[in-house]
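# Structure at a glance
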Amino acid sequence: MKENLNNVKLSQHFSLTEFLNLGKYPENIPTMQAVVNMTYGCHLLLEPARLLVGPIIINCGFRCEAVNRQVGGVKNSQHLIGQAADIRPKDPAQFTKLVDFFRNWQYTDQLLTGSGWLHISWTPFAPPRHYVRVGYYK
């Protein structure tokens, strides 16, 4: 199964394996709905952000329940359904620009920032909450 995931492109610049971290978590296999949700996030949030700030690195994307428990994720994490990613710009100088983009982007459901990285979520099936907390993760 893992071999089949290696070539799956979610959008022009993002692949499914970037969201899975299969090297560390080989059991982290998404459902088809989670793949659809990640594709939505790539097209409506990550690709437009990439146009502005350049390459974006996915630190953490989809998490199956076992992985979510291992990393201390909350039980209702949007990572579990492919609707969230923890990201950072490849160029650290672009961090503030990336935060400002998502703060004002119409499709942002949730934006929580850490030191040099941010958690971004999206919701394909409901209006975005536009919940923003800069400095949430210390």
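Up top is the structure.
The notes below deal with the structure included here. (Residues numbered from 1 in each chain as written. Predicted model: local features only at pLDDT ≥ 70, side-chain atom pairs only at ≥ 80, totals over all residues. Heavy atoms only, no water.)

## Some thoughts on the sheet that holds strand β2 (residues 84-89)
Strand order in the open sheet formed by five strands is β1-β2-β4-β3-β5, with mixed pairing between adjacent strands. Across the chains shown, the open sheet's two edge strands, defined by having one partner strand only, are β1 (56-60) and β5 (131-133). On average, each strand axis in the sheet is tilted by 25 degrees relative to the strand beside it, whichever way the strands run. Relative to β5, strand β3 (residues 110-113) runs parallel, the two being bridged by three bridges. Within β5, the position partnered with Q110 by the bridge is Y131. (Pairing = 2+ DSSP bridges. Helix = DSSP H or I, 4+ residues; strand = E, 2+ residues; numbered from the N terminus. Axes fitted to C-alpha atoms, helices over the stretch in contact; angles between N-to-C directions.)

## Describing the packing of aromatic side chains
Applying the stated criterion across every chain, the model contains three aromatic pairs. Put simply, the rings of F101, F102, W105 and Y107 touch in pairs and so form one group of aromatic residues. (Phe/Tyr/Trp six-rings, centres within 6.5 Å; stacked < 30°, edge-to-face > 60°.)

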